[in-house]
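# Commentary on secondary and tertiary structure
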Amino acid sequence: MCIRDSNRKGLSRKIDVVGVGRIVVHSGGVLRVLQDVNIHADEGEIVTLIGPSGCGKSSLLNIIAGLDDPDEGLVSVFIQGNKLVEAGNRLGEVGYMQQKDLLLPWRSVKENVLLGLEIKGIPRRMALKRASEEMADFGLDGFEDELPFTLSGGMRQRAAFLRTMLTEPEVLLLDEPFSSLDALNRSYLQEWLLGILEGENRTVVMVTHDVDEAIYLSDRIYVMSPRPGSILTVETVPFSRPRDRKIIMDPSFLRLKSQILSNLIEKPRDGGSL
């Protein structure tokens with residue numbers, strides 16, 4: 001199935017995924033993980049991938065990030081207006097936050113936050129200044145010298161976000177960033193993320209299993225099929241940003257949630273064996 005959604009006028013394309021397929025060796029056989037996937041994300045959009053476990057969502061993020069190559073199709077990532085970033089160089093230009101915070105346990109919060117800037121070769125004095133200016137906005141002021149094990153799950157996630165955001169990526173990839181948190185912290189950090197992104201022209205592609213989270217955070221949602229993952233539907237979220245948590249009770253929100261859930265519970269596919 002090939003589904004392409006229309007362009008939004010006046011915005012430059014940041015990510016374009018065309019006909020992407022991914023095949024892996026598994027248990028002595030060959031497994032098709034992704035099949036003919038087509039998505040795009042325009043400048044300033046928050047786009048979400050949602051689908052059943054094992055449908056290839058994280059595999060697709062790895063391909064966009066340049067960690068893996070597609071076996072079929074083409075991925076284009078653009079920065080600085082229209083500069084095409086080759087796969088081998090994307091990790092230096094694309095911010096990628098995976099499911100775990102991946103903080104180094106022997107480094108303080110401050111030293112963890114500085115890691116991305118160190119790798120980019122930013123002078124330490126300049127890096128410290130950048131980090132210090134952002135600590136309060138990320139809820140980390142006063143905890144700079146603490147080790148990660150002393151922090152709550154939400155604070156660890158915020159430290160990981162700050163580490164990612166300090167490198168100033170135009171494109172941000174988020175792989176279930178709140179999946180390990182309880183419902184209260186998850187709700188708080190969803191609102192916090194929208195606040196952090198407000199006024200910034202970053203393009204975000206996020207993976208989640210949570211339909212409410214997908215609708216609350218996104219401008220568009222790609223619903224994926226069971227493995228081999230392909231795009232079943234593309235849903236436009238009918239709410240402008242900034243958003244209020246009250247929209248979760250809006251009839252349009254509930255209708256869209258019902259529509260997405262009905263697609264997610266379709267009959268499973270054959271598993272993608274070749």
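Structure: see above.
In this report, the structure presented in the accompanying data block is examined. (Residues numbered from 1 in each chain as written. Predicted model: local features only at pLDDT ≥ 70, side-chain atom pairs only at ≥ 80, totals over all residues. Heavy atoms only, no water.)

### Side note on the pairing of strand 2 (residues 29-42)
For the record, the criterion: Using a 1.4 Å probe on the protein chains alone, a residue whose accessible area is under 20% of its type maximum counts as buried, one over 50% counts as exposed, and one in between counts as partly exposed. Only DSSP runs of H or I reaching four residues or more are called helices, and only runs of E reaching two or more are called strands; each is numbered from the N terminus. Being paired, for any two strands, means DSSP has found at least two bridges between them.
Of all the 14 residues making up strand 2, ten are buried; the element is thus mostly covered by neighbouring parts of the structure. Strand direction decides the pairing type here: strand 1 (residues 13-26) and strand 2, joined by ten bridges, are antiparallel. Counterpart to Asp 16 in the pairing with strand 2 is His 40. Between strand 1 and strand 2, which pair antiparallel in sequence order, lie two residues; one of them, Ser 27, sits at a positive phi of approximately 50 degrees.

### Examining the pairing of strand 1
Bridge analysis of strand 1 against strand 4 (residues 72-79) gives five bridges, and the strand direction is antiparallel. Looking across to strand 4, one finds that Ile 15 is bridged to Val 77.

### Here's the deal with the pattern of salt bridges
Put simply, the rule reads: The term salt bridge refers to a pairing of a side-chain nitrogen on Lys or Arg with a carboxyl oxygen on Asp or Glu at a separation within 4 Å.
Tallied over the full model, the rule gives 16 salt bridges. One salt bridge in this structure joins Asp 71 and Arg 22, with 3.7 Å as the shortest N-O distance. Within this pair, whereas Asp 71 is found in the loop between helix 1 (57-65) and strand 4, its partner Arg 22 is found in strand 1, the two being separated by 49 residues in sequence. Its relative accessible area of 43% is what places Asp 71 among the partly exposed residues. Taking the relative accessible area as the measure of exposure, Arg 22 reaches 18% and is therefore buried. Bridged by salt links that share partners, the residues Arg 107, Glu 111, Glu 118 and Arg 124 form one connected network.

### Here's the deal with the environment of Glu 93
Using the following cut-off: Residue contacts follow a heavy-atom distance rule, with two residues in contact if any of their heavy atoms lie within 4.5 Å.
In this fold, Glu 93 is placed in the loop between strand 5 (83-85) and strand 6 (94-97). Counting along the chain gives 128 residues from Glu 93 to Ile 221, while the straight-line C-alpha distance between them is 24 Å. Residue contacts for Glu 93: discarding those within four places in its chain leaves Ile 79, Val 85, Pro 169, Glu 170 and Val 171.

### Topic: helix 6 (residues 183-197)
Each α-helix winds once per 3.6 residues, and so residues spaced three or four apart point in a common direction. Stated formally: Take the number of residues in a helix, subtract one, and multiply by 1.5 Å to get its expected span.
End to end, helix 6 covers 21 Å across 15 residues, agreeing with the expected 21 Å (1.5 Å per residue, within 8%). When helix 6 is considered as a whole, its buried residues turn out to be Arg 186, Leu 189, Gln 190, Trp 192, Leu 193, Leu 194, Ile 196 and Leu 197. Of the residues trailing helix 6, Gly 199 is marked for its positive phi of about 85 degrees.

### Considerations on the sheet that holds strand 9 (residues 220-224)
Definition in use: Axis definition: a line fit to C-alpha positions, over the contact stretch in the case of helices; interaxial angles, taken between N-to-C directions, run 0 to 180 degrees.
Taking strand neighbours across the sheet as the criterion, the six strands line up as 6-7-8-3-9-10 in an open arrangement whose pairing is mixed. Of all the strands in the sheet, the pair left with one neighbour each is strand 6 and strand 10 (231-236). Each neighbouring strand pair of the sheet contributes to a mean axis angle of 15 degrees, computed without reference to strand direction. Pairing between strand 3 (residues 46-50) and strand 8 (residues 203-208): five bridges, direction parallel. Bridge pairing links Ile 46 to Val 204 in strand 8. Where helix 5 (residues 153-165) meets the sheet, it contacts strand 6 and strand 7 (171-175), and its direction lies at approximately 165 degrees from that of strand 6.

### Some words on the packing of helix 5 against helix 6
If you want to describe how two helices pack, look at the angle between their axes and the distance between the axes. Selection rule: Throughout, the term roughly parallel applies to angles under 35 degrees, roughly antiparallel to angles over 145, roughly perpendicular to angles from 65 to 115, and oblique to all others. Crossings are classed by handedness, with left-handed meaning an anticlockwise turn of the near helix from the far one by less than a right angle and right-handed meaning a clockwise turn. Here the term charged refers only to Asp, Glu, Lys and Arg, the term nonpolar to Ala, Val, Leu, Ile, Met, Phe, Trp, Tyr, Cys and Pro, and the term polar to all other amino acids, Gly among them.
Two numbers describe how helix 5 lies on helix 6: the axes approach to 11 Å, and their chain directions differ by 20 degrees. Taken together, the axis directions place helix 5 and helix 6 in an arrangement best described as roughly parallel. Taken as a pair, helix 5 and helix 6 cross one another with a handedness that is right-handed. Along the contact surface, helix 5 presents Gly 154, Gln 157, Arg 158, Phe 161 and Met 165, while helix 6 presents Tyr 188, Leu 189, Trp 192, Leu 193, Ile 196 and Leu 197. Of the residues in the contact of helix 5 with helix 6, the class split is eight nonpolar, two polar and one charged.

### What to know about the layout of surface pockets
Rules: Definitions used throughout: a 1 Å grid over protein atoms alone; a cavity as a set of points that fits a 1.4 Å probe which cannot get out; a pocket as an open set with protein on both sides within 12 Å along at least five of seven lines; a lining residue as one with an atom within 4 Å of a point. Grid points are joined across faces, edges and corners, and a volume is the space filled by probe spheres set on the points.
In this structure, the largest pocket occupies an estimated 620 Å³ of space. For the largest pocket, the lining is made up of 26 residues, of which Leu 91, Val 94, Tyr 96, Gly 116 and Thr 167 are closest to its centre. Among the secondary structure elements, those contributing two or more residues to the lining of the largest pocket are strand 6, helix 3 (115-119) and helix 5. In terms of residue count, strand 6 provides more of the lining of the largest pocket than any other element does, four residues in total. Counted by class, the lining of the largest pocket contains twelve nonpolar, seven polar and seven charged residues. If you add up the space inside the second largest pocket, you get close to 220 Å³. Forming the walls of the second largest pocket are Arg 130, Glu 133, Glu 134, Asp 137, Phe 138, Leu 162, Met 165, Leu 166, Glu 168, Ile 196, Glu 200 and Arg 202.

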